[in-house]
Amino acid sequence: MSGAEDPNPDLSQEELDRLEQEHCDKIIASFLFYEQHATERLDRARDSFQALSPHHQRMVPSFAKQMDDLQEAVRVNAEFIANMLADKPLAPDCPALHRRPSEFDMDKVYTTIKQLVRDWATEGKAERDSCYQPLLHEADRLFANVADKGQLSVCVPGVGLGRLCFEFARRGYRTQGNEWSMHMLYASSFLLNRCPGVHHTKVYPWAHIFTNHYTSASQTRAVMIPDVDPYSLPEGSDFSMAAGDFLEIYSDPAEWDCVATCFFLDTARNVISYIENIFNMLKPGGYWINFGPLLYHFDDNRGAPSIELSFEQIREVVKAAGFIIVQEKFPVRSGYIGDAESMLDMQYRCVFMTAQKPPVQGPHA
């Protein structure tokens, strides 16, 4: 199940299907609640301003127009969401439509909107270049002696909105992206399958961020997506997306020539299982290329166990799993869904590592 809790093995297939549909309905409902949720935030800003003394209000004459501009930005974003979900209507009596979405799900909606910049806008190019290009160039270096890249299979887990996977496919590799977040999957499906052409769709990714703006206009500026035609892959390209849990989907051994992970390892509850699974799914002689920090996503979640290892410890696990470390670079600076005009510049000091599964398998294989 994509992004849902692990299914109970005692449930029937019919019950599992029902739970999966309920989860999908819940995600769609959270997208559809976006305009109301974002407007509620604007209303709080308006109420706070109205609570000021008339003297203080007169000192910021531009405030009313700023709120009007943000309301229009929210409307345009809601229109984008409606187009994205046009082929996924919910019945009027769907229970998910009559429950307020969780703040967790609404945060995922806002993150998805910001992710549009990272993966599919010109404004995200610098960020993509800092983390995607090293992976792409390393794969090209490792497989430089293979003329027909279509003979090589590349898996990209945690692919988000699909751009890294798309770039591997543009280079000719037989590529599959994997993602468990249904928020990301709905958006990537729309972009990759229903958005031909370039720079035709407007979104306002920073309209929901109320801090660290040097100018008011930076909060209300739009970006145009996509910056490259998703239909521009070479003829005969083999590019697919797989929805679901990484550990469940990729259980077959020795199927992939390369696994490329970007900002992915720290999404694990048990990073050791991820590393073992990557080793298992690679063919003998295959490569794992990894880039990212260790912002463990479940470190403050008391509801389930989470293992947070240092990279020094991860390196020990990589070797114990059977890998040969080919190269390691640290630090390599990169941001994540950042705003180039913000007064806050969040940069990670990432590790860039390449490891190989031995061509001749040893006792760890």
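Heads up: the structure comes first, above all this text.
As the structure is a computational prediction, the values presented were derived from the model and not from experiment. (Residues numbered from 1 in each chain as written. Predicted model: local features only at pLDDT ≥ 70, side-chain atom pairs only at ≥ 80, totals over all residues. Heavy atoms only, no water.)

**Student:** What's the story with the overall build of the protein in this structure? I'm lost.
**Tutor:** When helices and strands are tallied, the protein shows 12 helices and 9 strands. Relative to the 2.2 N^0.38 estimate, which gives 21 Å for 365 residues, the radius of gyration of the protein is 22 Å and therefore close to what a compact globule would have. Projecting the C-alpha coordinates of the protein onto the three principal axes gives extents of approximately 75 × 50 × 45 Å. When burial is assessed residue by residue, the protein has 48% of its 365 residues classed as buried. For the protein, the centre of its 34 positive side-chain charges and the centre of its 51 negative side-chain charges are spaced 6 Å apart. (Helix = DSSP H or I, 4+ residues; strand = E, 2+ residues; numbered from the N terminus. Rg over C-alpha atoms; globule rule 2.2 N^0.38 Å. Buried < 20%, exposed > 50% of the residue type's maximum accessible area, 1.4 Å probe, protein only. Lys, Arg positive; Asp, Glu negative; His and termini not counted. Charge placed at Lys NZ, Arg CZ, Asp CG, Glu CD.)

**Student:** Looking at this structure, I do not really get the nonpolar core. What am I missing?
**Tutor:** One broad rule of soluble globular proteins: the nonpolar side chains tend to lie buried together. Counting residues in hydrophobic clusters, the biggest one holds 51 residues, and the most contacted among them are F31, Y34, F80, I81, W120, Y186 and I225. Contributions of two or more residues to this core are made by α1 (13–32), α2 (34–50), α4 (63–84), α5 (103–120), α8 (182–194) and β4 (223–225). Other than its neighbours up to four places away in sequence, F31 contacts I81, M84, L85, V109, T112, H183 and Y186. Of all hydrophobic cores here, the second largest spans 28 residues; its members include V271, Y296, I314 and M353. (Core = buried A, V, L, I, M, F, W, Y, C linked by side-chain atoms within 4.5 Å. Contact = heavy atoms within 4.5 Å.)

**Student:** Is there a simple way to think about the packing of α2 against α4 in this case?
**Tutor:** Each pair of packed helices can be summarised by the angle the axes make with each other and by the distance between the axes. Where α2 contacts α4, the axes come no closer than 9 Å and their chain directions differ by 175°. Overall, the two elements α2 and α4 adopt an arrangement that is roughly antiparallel. Side by side, α2 and α4 meet where Y34, E35, A38, T39, L42, A45, R46 and F49 of the first sit next to F63, M67, L70, Q71, V74, R75, N77, A78 and I81 of the second. The class makeup of the residues in the contact of α2 with α4 is 11 nonpolar, 3 polar and 3 charged. (Axes fitted to C-alpha atoms, helices over the stretch in contact; angles between N-to-C directions. Parallel < 35°, antiparallel > 145°, perpendicular 65-115°, else oblique. Nonpolar A, V, L, I, M, F, W, Y, C, P; charged D, E, K, R; others polar.)

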